[in-house]
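Residue-level listing of the chains:
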Amino acid sequence: MDGLLFSDLTVWSMDWTLLILLVVPTVVHGNPTVTVRTGSGPPVGSNQHPNSVPLSEDTQTTTEVREVVVEEVMMTGMLNPSHYPARRAATVVQHYLNTRYGSPYRWIFLSKVHSGSAEDVAEMRKYQLELTMQEIISNVSGQCSAELLFPGGEGQSAPQVQASCEGLLQSNTTAQEEAFYQQHRASNNMVSGNDIPDSYGHMEPNMKPFWHLGGVASSFIMLRESNESTLYNMAQVANFTQLETEKDQLRVNYHVLLHEMISQEIIHWKLLVTWSPEQGVQVLQTELQPKCHNCEAPPNTTN
Amino acid sequence: FVSLSQLQVLRITARDEVQLTLLKDLSEMEYLQLDVWMETTDLPTSVDIRVPFTSLQTVKAFLETEDIEYFIMIKDLQVMLDEEKEQMLSSARATAPRTSDDYDYSNYHTIADIYAFQDMLVAENPNLVSKIVIGQSYQGRPLNVLKFSTGGTNKPGIWLDTGIHSREWVTQASGTWFAKKIVTDYGRDAALTAILDKMDIFLEIVTNPDGYYYTHTSNRMWRKTRKPNPGSSCIGTDPNRNWDAGFGGPGASDSPCSETYRGPKAHSESEVKSIVDFVKSHGNLQAFVSIHSYSQMLLYPYGYTRTPCKDESELHNLARKAITDLASLYGTSYRYGSIINTIYQASGGTIDWTYNQGIKYSYTFELRDTGRYGFILPANQILPTAKETWLALMAIMEHTKDNTN
């Protein structure tokens, strides 16, 4: 269906008003619109999973890779939902939603871009998107409306996202989260793991929530690092080690591999993550790892 | 003698001398038939105790009364050993299939396995399949292409390749399945039979063997070739930026340390040059499909320029048909369009070159998934991926056949 409507740019951009009326769902009920703040705690009055925005202390090391020279044409006006500008912006919304709502039992992925538009606003780039997102553990989908601002100029600051979704957070994760929390909060058995998933895409069932948690925690980094020329996914949890529970928060050190699609680079990050059902996911520290050019990792073993 | 069945292994943490002494006393109670392994005598120390089921209640009660920490490490030793044994047997089975019917298509394989598979397939189907070695990788591995042909000379051909980027494991796995699918369907499936009666199919499964070997032994995320770069500690060139189409332009890197390094010059990599030479000397290829993962996309030229290719309309419509067929099997949803619009600007790409050589039906696939597992797609998705992709390939091959003289 995408090809039929959007193959000819001129035809379809003339029809964009009509398309808006047909395609855009009205999002009225459901989760409240949440504005992201940089730096402070959970939003006041939110009854959603209050993952906080990271107060990260970065230790950035210089990367050796020269920047890929990409001739970017900044699309303005209606966006083709099949093309990459809308897709990259939509993925940023995905990362944002995970920082807000993700948990060891809640992990959200972009399902479909329905429509989008972009415009220049002062020095910045503003996107509006209509999306379907899917919570992949319960398989529940929801419609989302989102607005993003990519900062312009020299600054390295993170995009700002607002999103409002309907139906996405229906699944009741309370029991599972509580059980997982109780299982791991006592200190007599610190869990650790590596290569999740392994080379064959396999992981032990008891590792899965830690995989989800790693993905959600990675979203804080991916959100912060995103711009119009990036597309991030978490490729793998290289390893994680649970630390002593502190202030009723589970604490885990993660080493994750992120895949950046445009440069095709695998980027290593270490992060310190806390979680509890009440406080949600928080990322206390992040540290970029230098790219190792001739690293030979020990072979992944099948379990 | 206690049979291995119905044994639990408890791991105990002894916090102090008192607890250690208690554990020692426990271990000396012969009627309990305990087996105690202690690593060190520094405290706190881990003590593993093998406990027969008959003694479990007693031991646990003792530990709890004395407030000694423990947890159950192995619930049932026999079960664990049986599972291990079964795993070893099944890997032994998997590494040495005697026929291509025995081969495990639902798993990822080493390069040795795939090369052996290729030879098996040729041996079993001598009238349909032959192996052409089009060149050697940097490290000297053969670049094998399976030719599926019902005879004749200089018939028009269709080219398929998988694994040009070594970390995209679902592609080599799918390529293996495609090879088997072709020999299975010839003479049974009307559409495939018609295609092969008119055209030859060439399939290169492990297009980057050095990289593939490296993903097994050293770095699962390796993408490029393994050829060193003079003056740099960084190895490898991106074989999908090394073709002579827009080479040197934006959309590739000039740094050897980059994952999209274009290489010192176009066709510098033998893995690429061998295909270039094959295409030119064949002279009659009508379709060229290069298969990657991940993102779930079907792409046509160009990647290096925004200028639409001459046949954009036809390629776009065919892509729509192909992904509709693909989706019909499991509902997997693909996007489609030109490379530069759909994914990013990329110069020196394979299908830009093949298209400019006159091979109209030049396509690139990006297979499953869209980021949840990415490159490390679980093996249980290999067959669904291969099967749905095959429907798209059939659409492309049929259209090619119907539009070829």
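Residues numbered from 1 in each chain as written. Chains lettered and ligands numbered in written order. Predicted model: local features only at pLDDT ≥ 70, side-chain atom pairs only at ≥ 80, totals over all residues. Heavy atoms only, no water.

In terms of regular secondary structure, chain B is built from twelve helices and twelve strands. The globule rule puts the C-alpha radius of gyration for 405 residues at 22 Å, and the 28 Å found for chain B is more than 25% above it. Overall, the C-alpha framework of chain B stretches about 90 × 50 × 40 Å when taken along its three principal axes. The 405 residues of chain B split such that 58% are buried. Across chain B, contacts joining residues at least 24 apart in sequence account for 74% of those joining residues at least 6 apart. For chain B, the accessible area works out to roughly 16,000 Å², and carbon and sulfur atoms hold 50% of it. (Helix = DSSP H or I, 4+ residues; strand = E, 2+ residues; numbered from the N terminus. Rg over C-alpha atoms; globule rule 2.2 N^0.38 Å. Buried < 20%, exposed > 50% of the residue type's maximum accessible area, 1.4 Å probe, protein only. Contact = heavy atoms within 4.5 Å. Areas by Shrake-Rupley, 256 points an atom, 1.4 Å probe, with all protein chains shown as cover.)

Moving on, we get to the packing of helix H4 (residues 111-124) of chain B against helix H5 (residues 169-185) of chain B. All names here are of chain B. At their nearest, the axes of H4 and H5 sit 11 Å apart, and the two run at 5 degrees to each other. Accordingly, the angle class assigned to the pair H4 and H5 is roughly parallel. Facing H4, whose interface residues are Ile114, Phe117, Leu121 and Glu124, H5 presents Gln172, Thr176, Ala179, Lys180 and Val183. Of the residues belonging to the contact of H4 with H5, the class tally is five nonpolar, two polar and two charged. (Axes fitted to C-alpha atoms, helices over the stretch in contact; angles between N-to-C directions. Parallel < 35°, antiparallel > 145°, perpendicular 65-115°, else oblique. Nonpolar A, V, L, I, M, F, W, Y, C, P; charged D, E, K, R; others polar.)

Backbone torsion omega between serine 293 of chain B and tyrosine 294 of chain B reads 0 degrees, so that peptide bond is classified as cis. Checked against the element boundaries, tyrosine 294 of chain B lands in the loop between strand E9 (285-293) and strand E10 (297-300). Residue aspartate 369 of chain B is reached from arginine 368 of chain B by a cis peptide bond, and omega for that bond is -5 degrees. Tracing the chain through its elements places aspartate 369 of chain B in the loop between strand E12 (361-367) and helix H12 (382-402). Positive phi outside glycine occurs at glutamine 264 of chain A, with the angle close to 65 degrees. The exposure class of glutamine 264 of chain A is buried, given its relative accessible area of 5%. One non-glycine residue, histidine 267 of chain B, adopts positive backbone phi at about 65 degrees.

It is worth spelling out the pattern of salt bridges at this point. Scanning all chains against the criterion turns up 22 salt bridges over all chains. With its nearest N and O atoms 2.8 Å apart, the salt bridge here joins aspartate 119 of chain B to lysine 131 of chain B. Of this pair, aspartate 119 of chain B sits in helix H4 while lysine 131 of chain B sits in strand E5 (residues 129-136), placing them twelve residues apart in sequence. For lysine 131 of chain B, a relative accessible area of 35% translates into the label partly exposed. Salt-bridge contacts for arginine 141 of chain B lead to aspartate 210 of chain B; the nearest nitrogen and oxygen are separated by 2.8 Å. Taken together, the residues arginine 141 of chain B in the loop between E5 and strand E6 (142-148) and aspartate 210 of chain B in helix H7 (residues 209-217) connect sequence positions 69 residues apart. Accessibility classification places arginine 141 of chain B together with aspartate 210 of chain B in one group, the buried group. Here the residues in one salt-bridge network are Asp120, Arg125 and Glu228 of chain A, joined through shared partners. (Salt bridge = Lys/Arg side-chain N within 4 Å of Asp/Glu carboxyl O.)

Moving on to helix H8 (residues 270-282) of chain B. Residues and elements named next belong to chain B. Helix length check: H8, at 13 residues, gives a terminal C-alpha distance of 18 Å against a target of 18 Å (1.5 Å per residue), a fit within 8%. Those residues of H8 not exposed but buried are Glu271, Val272, Ser274, Ile275, Val276, Phe278, Val279 and His282. Where H8 ends, the next residue or the one after it, glycine 283, has phi of about 75 degrees, a positive value. (Expected span 1.5 Å × (residues − 1).)

As a further point, take the state of the cysteines. All names here are of chain B. Evaluation of the coordinates by the stated rule reveals two disulfides over all chains. Disulfide pairing is shown between cysteine 234 and cysteine 257; the S-S distance is 2.0 Å. Across the disulfide from cysteine 234 to cysteine 257, rotation about the S-S bond amounts to roughly 85 degrees, and the bridge is consequently right-handed. Of the two residues, cysteine 234 is situated in the loop between H7 and H8 and cysteine 257 in the loop between H7 and H8; the sequence distance between them amounts to 23 residues. By relative accessible area, which is 2% here, cysteine 234 ends up buried. (Disulfide = S-S within 2.5 Å.)

Right, let's get into the confidence of the model for chain B. For chain B, the mean per-residue pLDDT works out to 92, and 91% of the residues sit at or above 70. Our summary of model confidence lists the complex with pTM equal to 0.78 and ipTM equal to 0.78. (pLDDT = per-residue confidence, 0-100.)

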